[in-house]
Amino acid sequence: MPTSRTPRAPRIARTLNIGILAHVDAGKTSLTERLLFDHGAIDRLGSVDSGTTQTDTGDIERERGITVRSAVASFTVGSAQVNLIDTPGHSDFIAEVERALGVLDGAVLVLSAVEGVQAQTRVLMKTLRRLRLPTLLFVNKIDRAGARQDGLLTDIRDRLAPHIVAMTAVRGPGTRDARAVPRSLDDADVRTQMAEALAETDDALLARVLDGPPPTPAELRAALAAGTADCRVHPVFFGSALSGQGVGALARGMARLLPPAPAGAEAAAAPYGTVFAVERRAGAGQKTACLRLFAGELTVRQKVTLHRRGPGGTPVAYTGQLTSLDVVGRPGAGRLTAGNIGRVRGLPEVRVGDRLGPADAAPDAAPDGPNGPDGPARPEADQPHFAAPSLSTVVRAREPGPGPAARLHAALVSLAEQDPLIHTRALPGGTTSVLLYGEVQKEIIAATLARDFGIEADFEPSRPVHVERPVGVGEACEEMARRHHTGLWATIGLRVEPAPAGSGVAFRYETELGALPRAFHHAIEETVHDTLLQGHGGRAVTDCRVTLIRSGFSSPLSTARDFRELTPVVLERALRGAGTRVYEPCHAFELEIPHDTLAPVTARLTAAEAEIAGVAETAGGAPVWLLEGRIPAREVHGVKRWLPGLTRGEGVWWSRPSGDRPLGPGRETGPGRETPSAAPRAPQAGRTDSAPSGHPFP
């Protein structure tokens, strides 16, 4: 028998996919770096300021010290493997955060002990709670001047999460010698405080607190883990990512309090999962996709089918073969199993947001939630969590000629594979339009084009993205003549009617099944989606149902081209009959201003057509007013210009895209069908009355 043995790596019993989220500059990338270093995943502690962090790998991320793309890194705590997904903190890159939320088992929300609860922190926490995603809070920077403890815990309860449990205490906050000390359950006072906090959401524990016997330390640990998993309570850890204080306690809290990814018996099931990031280095043609697998398993050389929605909403599917597969945190593993994240190659058409597996096997279709039958039920996990981009711009190559224009468009299409929400669209004259969340995102795109693709580009000033929605019902029909027909060999009748806000475009049939060949049906549906997306006067039409109410063809004269050319004509007439209203994007805002500037600031906000929903006086420190509301996106830049002058430079403004509202009278530009005061109309026929399903003409 051997007398000695080589030390083995701990056996991985469970996997946790944890997102690190924060308001910009709260220190989440530094926290990620510290967790990796302290647990042996990296041998050198990187720095955001010096551009040497593990997760900010892009040149632009390193130069600017901000995270632009989500990145994955892994470490182990005991028998638990933790996959960390570091997400951007700047609101211009909120789409990256949205994509990460769909693949997480839990989250760590990072706050600054100095700045406290900030606007983006509240937005993220509201989303995490709505998704019922178990979340720990980490208060960073306890060693910075101005760091707070008790007052910050009060702010967290009042403004972020009402039910929290402090897991560490701070000695000497705001000094270089600040220390985070775990609160031990061996202390009777700590047990009492934790029991009272947990009893606020646990009736059984409340009875024990009131009537006795008091819960034991083991029972409190179990109640805390259960409350965290159910999103009823949120443990709070204090520390410093730079010094490492409190980070070990946070890591142990991740392993003990956050529920792991379900393993179960999914291996025999058909694989399905989500692509949440795509990497392609400058000059490299092959893409690397980061994929979270929810069921089944994958191996190298396996053929897979991925699904997405095309620009017009039509389903798109493609098949590829995996040429390489690396399981995050498990080098040398030959297969990717459910609950884990893999980096896969061999899928040239892959884009962020693609779904692996059958079209009806998206993660949100799992019996009890996106993590499968054993995972937490989060029915909204596959739905958009944040508003769509509210700005658009037109990009043109600085160098004239068709060649540079073509290279620019190809480069932007490549960037859209990493961020589909920018919605690149070729325009006449060799220009390309893109959608944006903000000006910082525009700067990053310009820098990426120059650095990675060698293209100098000019951007037009950003403009708000307007959309149109039907206000009534309209019908139109274009029919072939039975004799002496000239023109397109197609009969099409369409009805347009309003649909609920946020539902997008739905296409339906009232014609008989098989009334048209499949290719003609596909031509009509695809053209409807494309026509509505291109819009009228540059405005897309959305939130409507389009129904095919009449159809016909003449064999062998009719072609798919006839249906593609006729569909926009009929659809435009149906939209005229329905009438549409133009909507403009809005931003939700939060604004802190000095106490004596309330009147002039609210007057200017009212003039900017802002809707002020709340005004509150903050407690503690110098008295300031906190204003909340919504404002048209077109006014945000102007507010940022005049705010410093009215508030002596003390005003703090934050805003994010937040839906839309009807465009005010007199603000419409260009052609349109806007009928803002129109009531829903009765169906109006086109050149011929609508009728039951069509049929081929002899």
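Residues numbered from 1 in each chain as written. Predicted model: local features only at pLDDT ≥ 70, side-chain atom pairs only at ≥ 80, totals over all residues. Heavy atoms only, no water.

## Considering the packing of aromatic side chains
All told, the structure shown has five aromatic pairs when counted by the stated rule. Between Phe520 and Phe563, the ring centres sit 4.7 Å apart and the planes meet at 25 degrees, which makes this aromatic pair stacked. Taken as a pair, Phe520 in helix H12 (residues 518-534) and Phe563 in helix H13 (residues 560-578) lie far apart in primary sequence, 43 residues in all. Residue classification places Phe520 among the buried residues on the basis of a relative accessible area of 9%. Members of the aromatic cluster, connected to one another through ring pairs, are Phe520, Phe553 and Phe563. In this structure, Arg292 packs its charged tip against the face of Phe294, placed 4.7 Å from the ring centre. When the ring centre of Tyr583 is taken as origin, the NZ or CZ atom of Arg469, which lies over that ring, is 4.4 Å away. (Phe/Tyr/Trp six-rings, centres within 6.5 Å; stacked < 30°, edge-to-face > 60°. Helix = DSSP H or I, 4+ residues; strand = E, 2+ residues; numbered from the N terminus. Buried < 20%, exposed > 50% of the residue type's maximum accessible area, 1.4 Å probe, protein only. Lys NZ or Arg CZ within 6 Å of the ring centre and 35° of its normal.)

## Thoughts on the packing of helix H1 (residues 28-38) against helix H9 (residues 247-257)
Their axes nearest at 10 Å, the elements H1 and H9 cross at an angle of 85 degrees. The orientation of H1 relative to H9 falls into the category roughly perpendicular. For the pair H1 and H9, contact is made by Leu31, Arg34, Leu35 and Asp38 and by Val247, Leu250, Ala251 and Met254, respectively. (Axes fitted to C-alpha atoms, helices over the stretch in contact; angles between N-to-C directions. Parallel < 35°, antiparallel > 145°, perpendicular 65-115°, else oblique. Contact = heavy atoms within 4.5 Å.)

## Things to note about the nonpolar core
Counting residues in hydrophobic clusters, the biggest one holds 42 residues, and the most contacted among them are Leu31, Val108, Leu198 and Met254. No other element matches the seven residues that H9 contributes to this core. Excluding anything up to four places from it in sequence, Val108 contacts Ile18, Gly19, Ile20, Leu21, Leu31, Leu136, Phe138, Leu250 and Met254. Leu21, Ala107, Ala113 and Leu124 belong to the second largest nonpolar core, which has 39 residues in total. (Core = buried A, V, L, I, M, F, W, Y, C linked by side-chain atoms within 4.5 Å.)

## Section: the packing of helix H14 (residues 598-607) against helix H15 (residues 636-646)
Closest axis-to-axis distance for the H14/H15 pair is 10 Å, and the angle between their directions is 165 degrees. Taken together, the axes of H14 and H15 are roughly antiparallel relative to one another. When the axes of H14 and H15 are compared, the crossing they make is right-handed. Each of Pro600, Val601, Arg604 and Leu605 in H14 lies in contact with H15, whose residues at this interface are Val639, Trp642 and Leu646. (Left-handed = near helix turned anticlockwise from the far one by under 90°.)

## Focus: the side chain of Lys442
Looking at where Lys442 falls in the secondary structure, it is placed in helix H11 (residues 439-453). Polar contacts involving the side chain of Lys442 include one to the side chain of Ser462, which spans 2.9 Å. Every residue in contact with Lys442, bar those within four places of it in the chain, is listed here: Thr393, Leu436, Phe459, Glu460, Pro461 and Ser462. (Polar contact = N/O pair within 3.5 Å; in protein donor to acceptor, adjacent residues only side chain to side chain.)

## Digging into the environment of Pro182
As for its position among the elements, Pro182 is in strand S8 (residues 179-182). Taking the relative accessible area as the measure of exposure, Pro182 reaches 48% and is therefore partly exposed. With 56 residues separating them in the primary sequence, Pro182 and Phe238 have C-alpha atoms 9.2 Å apart. For Pro182, the contacting residues outside a window of four places in its chain are Met167 and Thr168.

## Description of the sheet that holds strand S18 (residues 355-356)
Strand pairing in a sheet takes place through backbone hydrogen bonds and is either antiparallel or parallel in direction. Across the sheet, seven strands lie side by side as S14-S13-S18-S10-S11-S17-S15; this open sheet has antiparallel pairing. Every interior strand has two partners, whereas the edge strands, strand S14 (315-321) and strand S15 (324-327), have only one. Two elements, strand S11 (residues 288-295) and strand S17 (residues 341-345), share four bridges in a ladder whose sense is antiparallel. Residue pairing across strands places Cys290 opposite Arg343, the latter belonging to S17. (Pairing = 2+ DSSP bridges.)

## A look at the environment of Met254
Here Met254 shows up in helix H9. Linking Met254 and Ala80, residues 174 residues apart in sequence, is a C-alpha distance of 9.3 Å. When residues no more than four places from it in sequence are discounted, the contact partners of Met254 are Leu16, Leu35, Phe75, Val82, Leu84, Val108 and Leu136.

## Details of unusual backbone geometry
Glycine aside, residues mostly have negative phi, and peptide bonds are mostly found in the trans state. A cis amide bond links Gly212 with the next residue in sequence, Pro213, at an omega value of -10 degrees. Going from Ser555 to Pro556, the amide bond is cis rather than trans, its omega being 5 degrees. Turning to its location among the elements, Pro556 is positioned in the loop between strand S29 (544-552) and H13. Even without a glycine there, the phi angle at Arg301 is positive, about 75 degrees. Inspection of the secondary structure assignment puts Arg301 in the loop between strand S12 (297-299) and strand S13 (303-309). Judged by relative accessible area, which is 63%, Arg301 ranks as exposed. Although it is not a glycine, Glu609 sits at a positive phi angle of roughly 65 degrees.

## Here we look at the pattern of salt bridges
Note that side chains of opposite charge can pair when their charged atoms are close. Per the stated rule, a full pass over the model turns up 32 salt bridges. In this structure, Asp596 and Arg648 form a salt bridge, with 3.2 Å as the shortest nitrogen-oxygen distance. One end of the pair, Asp596, is in the loop between strand S30 (580-594) and H14; the other, Arg648, is in the loop between H15 and strand S33 (652-662), and 52 residues separate them in sequence. Neither Asp596 nor Arg648 differs from the other in exposure class; each is exposed. For Arg661, the salt bridge goes to Glu609, with nearest N and O atoms at 3.8 Å. Of this pair, Arg661 sits in strand S33 while Glu609 sits in the loop between H14 and strand S31 (611-617), and the two are 52 residues apart along the sequence. Residue classification places Arg661 among the buried residues on the basis of a relative accessible area of 12%. Connected through salt bridges with shared partners, the residues Glu584, Glu609, Glu611, Arg634, Glu635 and Arg661 form a single ionic network. (Salt bridge = Lys/Arg side-chain N within 4 Å of Asp/Glu carboxyl O.)

## With respect to the confidence of the model for the protein chain
In this model, the protein chain carries an average pLDDT of 81, and 81% of its residues clear a pLDDT of 70 or more. The least confident element of the protein chain is helix H2 (residues 59-64), whose mean pLDDT is 45; the most confident is strand S9 (residues 234-238), at 97. Counting interchain partners and residues more than four positions distant, the pLDDT-below-50 stretch residues 1-7 has zero contacts. This stretch, residues 669-698, has a pLDDT under 50; its non-local contacts, to residues over four places away or in other chains, come to 79 contacts. (pLDDT = per-residue confidence, 0-100.)

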